[in-house]
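Take a look at the letters that make up each chain.
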Amino acid sequence: MLISIVAPCYNEEAVLERFHEAVQKIADELLPLGHDMEFVYVDDGSRDRTLTVLERLAARDQRVRYVSFSRNFGKEAALLAGLRHASGDSVVVMDADLQHPPELIARMVRLREQGYDQVIARRTRTGDRLTRTLTARLYYRLVNRLVDVELMDGAGDFRLLSRRVVDAVLGLTEYNRFSKGLFAWVGFPSTTFAYENAVREAGSSSWNLRGLLDYGLDGVLSFNNRPLRAALWLGISLLLCAGLYTAWIVVAALLHGVQTPGYVTIITAVTALAGVQMVMLGVIGEYTGRIYYEVKGRPHFLVKATNVERTKDLIP
């Protein structure tokens, strides 16, 4: 069985050599068991010498295949490129910063041999700050009430996929991609095991608070239209409240006459309704923006350099 290691890279010059040595060691251990391996690296428009390191690795190891983007298109595009250029019977998706322990690949392969199409490594939150742990748990509890698929806390991109899962994911051609949700949406028999996340070997994470918030919002909006439905129900509720309030004002006027007080109530109501309207316009705008990107039909990425003959998203 051929196993493809897909590793998106962004400014990983300092750690890439060590990562490749680690996965090479795993490949040597699996080879006597009948498993060959290839390494598919995707340089997501790195600003350092990541591409130079990949070229050096490819010159030393004929199993190395690399794709380098013309600019930074984001991790979702890099994952898509890696899956498109992986030819293995099974594909292991993992980060190149050694936070995903390469020694777990052998365990994934053993579970794949038991018939599972997805073997998911679920990170524990040991060592995380309490605020981050509580925030993550609250987010997943909320999201799983909204989205049409189940997202597991700690289950990210580190997983093994069978060929039929890879083909199913590649068949989903949407521009706005949320891979964690897509992996859950395609289904197929899956199993999960827990592991403790390793410390990043070098460099710093490219994720910041805004990026995490955007990623979380993508998870909410990519797999349901419930925010739009909620806007409808909120509008109906406000209309009913307005009708009841109007009836109360009419009755009070008939019983006690017209009274001047009410300025504060009016200002509060107008301000609150204006805020609700802006939020609802924002929700509609998010969906409209996604439709806009889908309709344009632009490629997910453009390739600057590669040692792979076939590049599906390279515009001639």
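Residues numbered from 1 in each chain as written. Predicted model: local features only at pLDDT ≥ 70, side-chain atom pairs only at ≥ 80, totals over all residues. Heavy atoms only, no water.

- Under an unreviewed UniProt entry, the protein has the name Glycosyltransferase family 2 protein and belongs to Streptomyces graminearus.
- Recorded under Sequence similarities (unreviewed entry), the UniProt text for the protein is reproduced unchanged: "Belongs to the glycosyltransferase 2 family." (UniProt positions renumbered as here; feature names shortened; annotations may be inferred.)

Looking at the side chain of Asp 44
Argument step 1. The residue Asp 44 is located in the loop between strand S2 (36-43) and helix H2 (50-60) in this model.
Argument step 2. Excluding residues that lie within four positions of it along the chain, Asp 44 makes contacts with Cys 9, Tyr 10, Phe 69, Arg 71, Asn 72, Phe 73, Gly 74, Lys 75 and Ala 78. (Helix = DSSP H or I, 4+ residues; strand = E, 2+ residues; numbered from the N terminus. Contact = heavy atoms within 4.5 Å.)

A look at unusual backbone geometry
Glycine aside, a negative phi is what most residues show, and trans is what most peptide bonds show.
Argument step 1. A positive phi is found at Leu 98, a non-glycine position, where the angle reads about 70°.
Argument step 2. Its place among the elements puts Leu 98 in the loop between strand S4 (90-93) and helix H4 (104-112).
Argument step 3. The backbone of Phe 188 shows a phi angle near 75°, a positive value even though the residue is not glycine.
Argument step 4. When its relative accessible area of 34% is taken as the criterion, Phe 188 is described as partly exposed. (Buried < 20%, exposed > 50% of the residue type's maximum accessible area, 1.4 Å probe, protein only.)

Some details on the packing of helix H3 (residues 75-85) against helix H6 (residues 163-170)
Argument step 1. In the contact formed by H3 and H6, the axes pass within 10 Å of each other and the chain directions differ by 130°. Taken together, the axes of H3 and H6 lie oblique to each other. Judged by the twist between their axes, the crossing of H3 over H6 is left-handed. On H6, the residues touching Leu 80, Leu 83 and Arg 84 of H3 are Val 166, Val 169 and Leu 170.
Argument step 2. Taken together, the residues that form the contact of H3 with H6 break down as five nonpolar, no polar and one charged. (Axes fitted to C-alpha atoms, helices over the stretch in contact; angles between N-to-C directions. Parallel < 35°, antiparallel > 145°, perpendicular 65-115°, else oblique. Left-handed = near helix turned anticlockwise from the far one by under 90°. Nonpolar A, V, L, I, M, F, W, Y, C, P; charged D, E, K, R; others polar.)

Thoughts on the nonpolar core
Argument step 1. Ile 5, Phe 19, Tyr 41, Val 92 and Ile 105 are the most contacted members of the largest nonpolar core, which has 38 residues in total.
Argument step 2. Contacts of Val 92, omitting those with residues within four sequence positions, involve Ile 3, Ser 4, Ile 5, Val 6, Ile 105, Met 108, Phe 158, Arg 159 and Leu 160.
Argument step 3. Grouped together as the second largest cluster of nonpolar side chains are 15 residues, Ala 86, Val 91, Val 93 and Leu 172 included. (Core = buried A, V, L, I, M, F, W, Y, C linked by side-chain atoms within 4.5 Å.)

Thoughts on the pairing of strand S3 (residues 64-69)
Argument step 1. Across the six residues that make up S3, a large majority, five, are buried.
Argument step 2. Sheet analysis places S2 next to S3, joined by five bridges and oriented parallel. Considered in S3, the bridge of Val 42 is made with Val 67.
Argument step 3. Handedness of the β-α-β unit built from S2, H2 and S3 comes out right-handed.
Argument step 4. Note: S3 against strand S8 (residues 303-306), three bridges, orientation antiparallel. When the bridges of S8 are listed, Phe 69 appears paired with Val 303. (Pairing = 2+ DSSP bridges. Right-handed = clockwise from strand over helix to strand, strands pointing away.)

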